[in-house]
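Chain and residue survey
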Amino acid sequence: MKFRNFKVVSQVIFGRGCFNQLDEILSQKRKNGFIVFLVDDVFMNHALRHRIPRHSADMLLWVNVTDEPKTGYVDSLVRQVKEYSEKLPDGVIGIGGGSTMDLAKAVSLMLTNPGSATDYQGWDLIQNPAIYHIGIPTLSGTGAEVSRTTVLTGPEKKLGINSDYTVFDQIVLDPELIAGVPTNQRFYTGMDCYIHCVESLQGTYLNTFSQSYGEKAMALCQDVFLRPGPDSDDKLMIASYFGGMSIAYSQVGVCHALSYGLSFVLGLHHGIGNCVAFDYLEEFYPDGVKEFRRMMAKQGVSLPRNLVSGMENHKMEKMIDVALVLEPLWENALGKDWKAVMTRERIRELYLRM
Ligand code: NAD
Ligand code: ZN
């Protein structure tokens, strides 16, 4: 048995208003160069814009996440930074949801590694350490703030750049930053965390490390979505972190595998894609799915339906391909003999319900 020796985020600051300490944190990293701020363009006309501690030489890049991050978009952002200065920046700061944080991770990696982001989709292909990078979530649930991956859609596949260098050097967890998220989006991304917990806790890869984080994250999600209170945003932010820590040492499962296919072919974002898939997975996760429906009713959220019926055959085949590539997810969910259970036909059947 070989154990994974995994890298974690080295520095974490947490608390309402802690975003105000960003300038101080950065002052220790500035070496006569400049900092690149990658910010979700949803904040373009928002007060947060004026709180970014931007010095005169710094670069502010608004990013658009209408589509989930693509390798081509990463390449173009890296080009813009290189055109801005001949020197490399002292830091790359991502401010936004999972998509923006993933873009910041990818840009920090691709500034020091040659070629296109597409070349590094996979496991441990990155050769050189990244630029110092910070993640600042404005939406909680994905666990992107703690993970060793940046999930990217390339021409052929949706697959992360997984490496120890991908992990943020610092994260800034300020619950005030998630206060204005619309209810539906908050639910979809929050359920990403809840589903991480269900899939981790019911998986065959589970160990005490994952279980401890997973159980606490799940309890926090239950508070947030069934018994909301004044500290719900604090709880959701920590749930996301703990849920991410849980899957770092285990794996996700059936829902995530199917959701990747939905994202690739239909362009659904990760959170909503998970919710669409999870609602039909009662046979795999009976308690989780029942509770998910209670949370959805309590939050007054509904899901899009009939997304797959009538889909052209080549698209369905592609969706099945994308889901099947994710072997560790299936193995975690169904055990070593998963291939006997989860055939192409079975996956098609599951997709056709959605
Ligand atoms: P997102 O980043 O895609 O953002 C969803 C929407 O919410 C966008 O329109 C965005 O502009 C908006 N938004 C963000 N913050 C807001 C705020 N404070 N107020 C109002 N609107 C706000 O959503 P997400 O669910 O956080 O992230 C999904 C992405 O994360 C996907 O690209 C997925 O692949 C990736 N992901 C990465 C990991 C990882 O470990 N790296 C894990 C899971 C998911
Ligand atoms: Zn997820």
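Residues numbered from 1 in each chain as written. Chains lettered and ligands numbered in written order. Predicted model: local features only at pLDDT ≥ 70, side-chain atom pairs only at ≥ 80, totals over all residues. Heavy atoms only, no water.

**A closer look at the sheet that holds strand β7 (residues 151-153)**
- Sheet architecture is open: three strands sit in the order β5-β8-β7, paired in mixed fashion. Unpaired on one side and paired on the other, β5 (122-123) and β7 mark the two borders of the sheet. (Pairing = 2+ DSSP bridges. Helix = DSSP H or I, 4+ residues; strand = E, 2+ residues; numbered from the N terminus.)

**Brief notes about the sheet that holds strand β6 (residues 133-137)**
- Judged by pairing direction, the sheet is parallel, and its six strands sit side by side in the order β1-β9-β6-β4-β2-β3 without closing on themselves. Two strands in the sheet have a free side with no partner beyond their single neighbour: β1 (11-14) and β3 (59-63). Across the sheet, the mean angle separating the axes of adjacent strands is 15 degrees when strand polarity is ignored.
- Relative to strand β4 (residues 91-96), strand β2 (residues 35-40) is paired through five bridges, and the arrangement is parallel. Residue valine 39 lies in a different strand from β4, and its bridge partner there is isoleucine 95.
- Running over the sheet, helix α2 (residues 71-84) touches β2 and β3 and is turned about 160 degrees from β3.
- Packing against the sheet, helix α3 (residues 98-110) makes contact with β2, β3, β4 and β6, and its axis sits at approximately 170 degrees to β4. (Axes fitted to C-alpha atoms, helices over the stretch in contact; angles between N-to-C directions. Contact = heavy atoms within 4.5 Å.)

**Concerning the confidence of the model for the protein chain**
- Looking at the protein chain as a whole, the pLDDT averages 97, with 100% of positions reaching at least 70.
- For the protein chain, β5 is the element with the lowest average pLDDT, namely 90, and β6 is the one with the highest, namely 99. (pLDDT = per-residue confidence, 0-100.)

**Things to note about unusual backbone geometry**
- We note that aspartate 124 has phi near 55 degrees; this positive angle belongs to a residue other than glycine.
- Position of aspartate 124 among the secondary structure elements: in the loop between β5 and β6.
- A positive phi angle, near 50 degrees, is found at asparagine 306, a position not held by glycine.
- Among the structural elements, asparagine 306 can be located in the loop between α9 (286-299) and α10 (313-324).

**Here's the deal with the coordination of the zinc ion (ligand 2)**
- Within the protein, the zinc ion (ligand 2) binds to Asp192 (OD), His196 (NE2), His256 (NE2) and His270 (NE2); these donor distances fall in the range 2.1 to 2.2 Å.
- Around the zinc ion (ligand 2), the four donor atoms sit at angles spanning 86 to 170 degrees, and that spread fits a shape best called irregular.
- When the donors of the zinc ion (ligand 2) are listed by position in the chain, the intervening gaps give D-x3-H-x59-H-x13-H. Here aspartate 192 pairs with histidine 196, and both are found in helix α4 (residues 183-201), just four residues apart, close to one helical turn. (Donors = N, O, S within 2.8 Å, 3.2 Å for Na, K, Ca; no water. Tetrahedral: all angles 85-135°; square planar, octahedral: opposite > 155°, others 65-115°.)

**Looking at the side chain of threonine 150**
- Following the sequence through the fold, threonine 150 ends up in the loop between β6 and β7.
- When its relative accessible area of 0% is taken as the criterion, threonine 150 is described as buried. (Buried < 20%, exposed > 50% of the residue type's maximum accessible area, 1.4 Å probe, protein only.)

**Examining the site of ligand 1**
- Contacts to ligand 1 come from 28 residues, most closely from Asp40, Gly98, Ser99, Ser147 and Thr189.
- In the environment of ligand 1, a nitrogen atom lies 2.8 Å from a nitrogen or oxygen atom belonging to the side chain of aspartate 102.
- In this structure, an oxygen atom belonging to ligand 1 sits 2.7 Å away from a side-chain N or O atom of threonine 189.
- Across the complex, the protein chains shield 88% of the 860 Å² of accessible surface that ligand 1 would expose by itself.
- Put simply, the parts of the chain that give the shell around ligand 1 at least two residues each are α3 and α4.
- The element that contributes the greatest number of residues to the shell around ligand 1 is α3, accounting for four residues.
- Tallied by class, the residues present in the shell around ligand 1 amount to 10 nonpolar, 12 polar and six charged. (Near = heavy atom within 4 Å. Polar contact = N/O pair within 3.5 Å; in protein donor to acceptor, adjacent residues only side chain to side chain. Areas by Shrake-Rupley, 256 points an atom, 1.4 Å probe, with all protein chains shown as cover. Nonpolar A, V, L, I, M, F, W, Y, C, P; charged D, E, K, R; others polar.)

**Regarding the state of the cysteines**
- Counted under the stated rule, the structure contains zero disulfides.
- Cysteine 221 takes part in no disulfide bond, and the closest cysteine sulfur to it belongs to cysteine 193, at a distance of 3.7 Å.
- Of the residues examined, cysteine 221 reaches a relative accessible area of 0% and is grouped as buried. (Disulfide = S-S within 2.5 Å.)

**A look at helix α13 (residues 344-352)**
- Those residues of α13 that fall on the buried side of the exposure criterion are Arg346, Ile347, Arg348, Leu350 and Tyr351.
- Contacts made by the buried residues of α13 are with α7 (254-266), α10, α11 (327-334) and α12 (338-341).

**Section: the side chain of histidine 196**
- A relative accessible area of 3% places histidine 196 in the buried class.
- A distance of 3.1 Å separates the side chain of histidine 196 from the side chain of histidine 256, its partner in a polar contact.
- Residues contacting histidine 196, with those up to four places away along its chain left out, are Gly141, Thr142, Gly243, Ile247, Val252, His256 and His270.

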